[in-house]
Amino acid sequence: MGTSWEAGPLVARVSAAAGAGRTREAARVLGDALRDRPPDQASRRELVLLLAASEQGDEALRWCDPPGTEADGPGDDATAWLPGAITVALERGDFPLAEGCARLLARLRWDVADPARRSVVPLSVPKLRHDIDQLRHLQGLGVLGPEYSRVIDSYQAVHDRLAADGPDARKPLDTEADACIAPTYNRLLHIRDTPRVARALSDRWGPTAVEEQYLADGPGVVSVDDFLTGEALDELYRFCLESTVWFGNRYAHGRLGALMQDGFSCPLLLQIAEELRDALPGLIGDRYPLRQMWGFKCGPEVPAAVTTHADFAAVNVNFWITPDEANTPTTATRRTTARRGSGRRGARRPSHAYARSGDPGRRHHRLHRNGSSRVGAWQESG
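One structure accompanies this document, and this report is about it. In this text the structure is predicted, and so the values were computed from the model without any measurement.

## Some thoughts on the overall build of the protein chain
Here is step 1: A tally of regular secondary structure across the protein chain gives twelve helices and eight strands.
Here is step 2: Within the protein chain, the proportion of its 382 residues that are buried is 52%.
Here is step 3: For the protein chain, the exposed area adds up to about 17,100 Å²; of that, 49% sits on carbon and sulfur atoms.

Laid out in structure tokens, this is it:
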């Protein structure tokens, strides 16, 4: 996520209002003023940020230009300028504002009824199979009603037609031929409410020892068991099971990805980032601000080294949250860790800290910190 506009001053004002406990009041005053006169671009953006910071997402949406519109002039599509605000908020350590903006951006990109206005993601066999399972799970929890039985049947029919062309078959969503699933495919139907917990990081590992080992080890690799507390692990696992944020299906072997700006964000994830920053002051601290968070879901058959790659990051923290009983004997004992040069002249050599809760299995979730603001922190090479 980069900055294509001068987000700093607006983010600073919003952060100051939040620090004084005045975001709701400031949003009300500015909103009233803008209703009495034609809103200028900067004021309108500031109001959106104030509303996002004060958890007034529905009201913020009403002040956002949706994708493809130019109500306030060329380029004021909110999906174009919100990433810059998220980047600056993360650099400042304002996690509540970053989360509010990320949630808002995800809703603008994915929570729209018209599929033509949602970001384009092709149909794939693994993605359809995943969505069928997730919709059934949400229906079983009562999150989705009985009317979704017909939707799930339609997904199954589309899946079966596509699977006839092979397990790796892909095709664009045809809003006419696939009209039965077009209103819901790659739609942000549900994000599980996952608040902060009493403590996210477990006390069963020592941060000081981890820092010393990481900094002393040339490749910069440390493995930690029991990384999260039981409560945090269970809540995060449920967040990943229930949240319909798995839009990234460009990866091989059926892997699906989710990014912060696409809905992979909740107070608990930001709490983990916050506690890591404080627990590892010599490794992370204020030196390396959080740049990105993402998660991956892997299919049942993934080659051993399929995810061997280097990221553009000063420090990566990766952790696995799949229950042990979900792992087969081969996946439960296999893990490959590697470091490669980034190929960028003058770049910091990427190093990785691996933190593990349970054995690595079908899902791993990654907090990603990057020492350079000039590259997209979510970029990967594999």
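## Some thoughts on the packing of helix H2 (residues 23–35) against helix H3 (residues 41–53)
Here is step 1: For the pair H2 and H3, interaxial distance at closest approach is 9 Å and the crossing angle is 145°. Two packed elements cross with a definite hand, and for H2 against H3 that hand is left-handed. Of H3, the residues touching H2 (which contributes Thr 23, Ala 26, Ala 27, Leu 30, Gly 31 and Leu 34) are Ser 43, Arg 44, Glu 46, Leu 47, Leu 50, Leu 51 and Ala 53.
Here is step 2: Its residues placed into classes, the contact of H2 with H3 shows eight nonpolar, three polar and two charged.

## Concerning the packing of aromatic side chains
Here is step 1: If you walk through the whole model with that rule in mind, you get six aromatic pairs.
Here is step 2: Considering the side-chain rings of Phe 239 and Phe 264, the 5.9 Å spacing of their centres and the 55° angle between planes classify their relative orientation as tilted. Taken together, the residues Phe 239 in helix H10 (residues 230–242) and Phe 264 in the loop between strand S4 (256–259) and helix H11 (267–279) connect sequence positions 25 residues apart.
Here is step 3: Residue classification places Phe 239 among the buried residues on the basis of a relative accessible area of 0%.

Quick notes on the rules
- Residues numbered from 1 in each chain as written.
- Predicted model: local features only at pLDDT ≥ 70, side-chain atom pairs only at ≥ 80, totals over all residues.
- Heavy atoms only, no water.
- Helix = DSSP H or I, 4+ residues; strand = E, 2+ residues; numbered from the N terminus.
- Buried < 20%, exposed > 50% of the residue type's maximum accessible area, 1.4 Å probe, protein only.
- Areas by Shrake-Rupley, 256 points an atom, 1.4 Å probe, with all protein chains shown as cover.
- Axes fitted to C-alpha atoms, helices over the stretch in contact; angles between N-to-C directions.
- Left-handed = near helix turned anticlockwise from the far one by under 90°.
- Contact = heavy atoms within 4.5 Å.
- Nonpolar A, V, L, I, M, F, W, Y, C, P; charged D, E, K, R; others polar.
- Phe/Tyr/Trp six-rings, centres within 6.5 Å; stacked < 30°, edge-to-face > 60°.

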